[in-house]
Structure formats: C-alpha cells, structure tokens
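Breakdown of the fold
For reference, the chains in residue letters:
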Amino acid sequence: MKKRNLLLLIWAAMISIASFAQSEEDKPYVSKKFTNASLSALTVETSGGSIAVTGGESSSGFKVDMYVRANNWNGKKELSKEEIEERLEDYDILIGTEGNRVIATAKRKSNTSWDNKKGISIGFKVYTPRKTATNLKTSGGSIHISSLIGDQNFTTSGGSIKVNDLAGVVRGRTSGGSIDVSNCTKDIELSTSGGSIKAIALTGNINLNTSGGSITLNKLNGEIHAHTSGGSVNGGDIKGKLNTGTSGGSVRLANVSGSLKASTSAGSIEVTMSSLGEYLSLSSSAGSVRVTMPLDKGLDLNLKGNKVSIPLKNFDGSAEKDRVNGKMNGGGMPVTLSASAGSVYVNQ
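Residues numbered from 1 in each chain as written. Predicted model: local features only at pLDDT ≥ 70, side-chain atom pairs only at ≥ 80, totals over all residues. Heavy atoms only, no water.

We now examine the overall build of the chain. Scanning the chain for helices and strands turns up two helices and 24 strands. Relative to its full complement of 348 residues, the chain shows a buried share of 45%. In the chain, the proportion of contacts linking residues at least 24 apart, taken out of those at least 6 apart, comes to 41%. (Helix = DSSP H or I, 4+ residues; strand = E, 2+ residues; numbered from the N terminus. Buried < 20%, exposed > 50% of the residue type's maximum accessible area, 1.4 Å probe, protein only. Contact = heavy atoms within 4.5 Å.)

Before going further, it helps to examine unusual backbone geometry. Residues other than glycine seldom take positive phi values, yet asparagine 183 does so here, at roughly 55°. The residue asparagine 183 is located in strand E12 (residues 179–192) in this model. Residue alanine 201 is not a glycine yet carries a positive backbone phi of 55°. Overall, the relative accessible area of 24% leaves alanine 201 in the partly exposed class.

What follows is about the pattern of salt bridges. Inspection of every chain in the model, using the stated rule, returns eight salt bridges. Residue aspartate 65 is joined to lysine 63 by a salt bridge in which the shortest nitrogen-to-oxygen separation is 2.7 Å. We classify aspartate 65 as buried; its relative accessible area is 3%. Judged by its relative accessible area of 25%, lysine 63 is partly exposed. One salt bridge connects glutamate 278 with lysine 241, and the closest N-O pair in it is separated by 3.5 Å. Taken together, the residues span a long stretch of sequence, with glutamate 278 in strand E17 (residues 269–284) and lysine 241 in strand E15 (residues 233–246) at a distance of 37 residues. Of the residues examined, lysine 241 reaches a relative accessible area of 31% and is grouped as partly exposed. (Salt bridge = Lys/Arg side-chain N within 4 Å of Asp/Glu carboxyl O.)

Glancing now at the pairing of strand E5 (residues 91–98). Burial of E5 is extensive: seven of the eight residues sit out of reach of the surface. Both E5 and strand E6 (residues 101–108) contribute to a ladder of eight bridges, which runs antiparallel. Of the residues in E6, the one forming a bridge with isoleucine 95 is alanine 104. (Pairing = 2+ DSSP bridges.)

Glancing now at the nonpolar core. Ranked by size, the top nonpolar core spans 81 residues in total, and within it Ile122, Phe124, Leu217, Leu280, Leu282 and Met293 carry the most contacts. Among the elements that take part in this core, E17 stands out by supplying six residues, more than any other. (Core = buried A, V, L, I, M, F, W, Y, C linked by side-chain atoms within 4.5 Å.)

Before going further, it helps to spend a moment on the packing of aromatic side chains. Under the defined criterion, the tally for this structure stands at zero aromatic pairs. Taking NZ or CZ as reference, lysine 125 lies 5.2 Å from the ring centre of tyrosine 67, over its face. Positioned over the ring face of tyrosine 345 is arginine 290, at 4.2 Å from the centre of the ring. (Phe/Tyr/Trp six-rings, centres within 6.5 Å; stacked < 30°, edge-to-face > 60°. Lys NZ or Arg CZ within 6 Å of the ring centre and 35° of its normal.)

Keep in mind that these numbers describe shape and distance, not what the molecule does.
If you want it as structure tokens, here you go:
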C-alpha cells in the first residue's frame, strides 16, 4: 500500500498553529513547511480562491501558505478571527504529504448549505523547488504559476491564468478569464472560453485557443497553433510554423520567418514575411489580404480576390485583374492568397 502521510487541519486545530490575517494580501492564516528531499510534486485544490505557485525560491523544500478572506459580493472586506473560525467549520482543509507529493486542498463539506453572507475565499500560495510537477484546480479564482521544471496541469472555472518561466509539458484551461504566458519552453497548451491570450517568448509546440478574445503573439519559435472565435490576432517576431485564425477579427503579423497559414472570416489580413518556409497561405472572407514578402525564390502562385496586385518577374502563368496563377522563378514554395470580398496586395 502506498505510504500515506496526511495532515488534516480542521478549523479547531488551525487556531493553535495559524497566523491570523484579515485579508489575502496580509499574512497567511496558516503556513506549513515540508522539507523531505523526496518531495517533487504538488496538488492544490480550492473551491473559491486563487492559487499561486512559485518555484526556485526554496532550496529546503515546500512552503504552503493559506489565506482566508470574505467574498467580495457579501459587502464585507474584512473578517474577525472569530468569523473566520466559524466559517471554516463548513470546510474540510487538508495540508500535508502523500508519497512524493505535497497536498493542499480546501473543499466545502457536502452536508452544508450555501450562504452568500457567510461565503469566504480560501487561497493558497506555495513556494517550491524549481523541479516540481503540479496539479492545480480552483472553481473561481486566478492561477499564477512560475519558475518550474516538470509537467504542469491547472484549471480554473472563472479566473485568469498567468504563467511565466516554465520548462516542460504545460496544460492549462480557464472557463472565463484571460491568459498571460511568457518565457516557457517545450509543450504548451492553454485555452480559455471567454478571455484574451497574450503569449511572449515561447519555444516548442504551442497551442493557444480562445472562444471569445483576442490573441497577441510575440517572440515565438516552434510549431504554433493559435485560434480565436471572436477577436483579432496580432503579433510579431515569429519563427517556425504558425497556423492561426479568427472568426471575428483581423490578423496583423510582422517579421514572420517560416511557414504561415492564417485565416479570418470577418476582417482583413496584413502580414510581413522576413523569410519564407515551406508554404504561405492567407485567406479572408470579408476583407483584403496584404503581404510583404521576398520574391527572389521559386514560388507557385495561386492568388485571387476582387483585385490582385503583385510585381511579376520571371513569371510563367496567367495574370488577370482578379486572379494570378503560375510559377515565379521556376516555381517551388506554394503561395495561396485569397480574399473573397476584398483585394490581394503583394509588396504594395
């Protein structure tokens, strides 16, 4: 049987070991340290508060701080020590270890009824060694995670996600907040159902999806998929392979090196290619397509729009007002540009 060493902290036990605080920005209500050298993973779950994990700041193990504050909607920002103790009676609090994992959870007891006037938010801040894998979950707060090496998995039902300086497999999701991710490497997969995404300085296999916000991409290198159903896509300094699109905005990209596929159903596309890769495919259903790109290599051109404008040299094919098909410089890399309700401009 797996070794199990769990420390169950109910409200009464907390009174003797906790450092009392009135708000989440003050001292933690309770703080625990774990120094076993075999600890290398972290699980945190709370039903209404935020979670923050910072790696690389603790060479002597894990430190878990728990914060308690009043919910914003109950009209009271601060709670007395007695009020906190009373409200914690409705929760099962667990801070301890199991095998190689540190566990911190705050769950509402199933036999208690919900009372908005007595609602509290229980959040956690955890400081860990840099090589730590995480599994984080909150139903209503934000998640901040930084400076870790390993597999990271985290979800929130209603808060934002902020990620920085992670190396490993990163999987994160929010149902209603924004995502800010920077300085991460390897495999990154992040999604939101209703917020924007900002991605800076990422390397590796990158998947970013939002159902209702804009996407900003800067200094990315790798195989990148970035899609939104309701906002614009903007960015620059991108290398590798980028597949991006939006159903409700424009696409603006600068200094792209490599292969690019971009589409929009409701806006225009404007792209600057500093160097070409294996393909270039841009399509708009409702606006124009404008691209600045090198024309000194072999290209297979398939361009169409209400008007097509491109300087043609060493070209073999057909060129009409609304369509260009043929080979430039003997042919080679496929270039497909399409504007169903606008014009196509190349180096114009």
